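Chain by chain, the residues:
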Amino acid sequence: MKLLRVGAKGAEKPAAIDDSGVLRDLSSVAADIDGALLGDTVALGAVRRALASGKLPEVEATERIGAPIARPGKVIGVGLNYTDHAAAIGAAIPERPVVFLKPGTTISGPYDAIELPRGSEATDHEVELGVVIGQRLRDCPDPATALGAVGGYVTANDITERNGIAGEPTWVKGKSYDTFTPIGPWLVTPDEVDEPQSLSLQLWVNGERRQAGSTGDMVSGVGELLVYLSSLMTLEPGDLVLTGTPAGVAVSRPEPKPYLRDGDVVVVEVAGLGRQQTLATGVRG
């Protein structure tokens, strides 16, 4: 299934795209698209049956599309997880995944604005495969079991303020601004993603393609990442894992580095998971 949330910010309702491509309102069968739904196989089955019936009301095309999951309990980022990205920025491939946390307030919709921080000089883009947890994971023993706990996949952009990372002991400062994790448009359930390690990722700024890669180039695959993360913390339904970005980010490019500026249009796509388009807004200085 392709699950969405539509409506005004803070008042989104659950929706899904049926087999005919029609956007349907799920409010009669689901309270929200969140960990409670993704972790309940009975509730998901009811949603599938209702969607297949063709009787759910259509959603107006003018409705805003929000983030496809309600605010997650944890947003977990993984850095330097693509060999080409690490090489492009002159970093060694880490012996184990580099892990950081982002607050849930960074989550925004696939067409919402990216709000550039006041005084920002180095706001960067990072197309990523986002993994939403569907079943609780703690000390998971193997990647296959971990993959079985995935509730869905999303297109994500892990926005980074590079000046908030340089010289800092952690990456959290540069990752934590509001709107710095646009996700969506859809949450795609695992039955529609045959192989999470063979998805293409692309990102454009003002029509220029800046990033193009494949999840097959990850240092640690999705299952391996979830095994490692579950050894550090309990992963709960609704949590979001950002799995790293391929080469092409602005920081790796020649001077003057093409960081995001007010008015830039950023388009992000992961194959099969949909395309988002966001506008960078804010005054630098």
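The structure presented is a predicted model; accordingly, all values stated were derived computationally and were not measured.

Our next topic: helix H2 (residues 41-53). Taking 1.5 Å of rise per residue, 13 residues should cover 18 Å, and H2 covers 18 Å from first to last C-alpha, within 8% of that figure. The complete set of buried residues in H2 reads Leu-44, Gly-45, Val-47, Ala-50 and Leu-51. Against strand E2 (13-17), strand E3 (23-25) and helix H1 (35-38) lie the buried residues of H2. Here H2 starts with a cap whose side-chain oxygen sits 3.1 Å from the backbone nitrogen of Val-42, and that cap is Asp-40.

This part takes up the packing of aromatic side chains. Scanning the model with the defined rule gives two aromatic pairs in all. Ring centres of Phe-100 and Trp-171 lie 5.5 Å apart, and the angle between their planes is 55 degrees; this geometry places the pair in the tilted category. Taken as a pair, Phe-100 in strand E5 (residues 98-102) and Trp-171 in the loop between strand E11 (160-161) and helix H5 (172-175) lie far apart in primary sequence, 71 residues in all. Residue Phe-100 is classed as buried on the basis of its relative accessible area, which comes to 5%. One Lys or Arg, Lys-2, reaches over the ring of Trp-186 and ends 5.4 Å from the middle of that ring.

About the criteria used
- Residues numbered from 1 in each chain as written.
- Predicted model: local features only at pLDDT ≥ 70, side-chain atom pairs only at ≥ 80, totals over all residues.
- Heavy atoms only, no water.
- Helix = DSSP H or I, 4+ residues; strand = E, 2+ residues; numbered from the N terminus.
- Expected span 1.5 Å × (residues − 1).
- Buried < 20%, exposed > 50% of the residue type's maximum accessible area, 1.4 Å probe, protein only.
- Contact = heavy atoms within 4.5 Å.
- Polar contact = N/O pair within 3.5 Å; in protein donor to acceptor, adjacent residues only side chain to side chain.
- Phe/Tyr/Trp six-rings, centres within 6.5 Å; stacked < 30°, edge-to-face > 60°.
- Lys NZ or Arg CZ within 6 Å of the ring centre and 35° of its normal.

So yeah, pure geometry; function would need other evidence.
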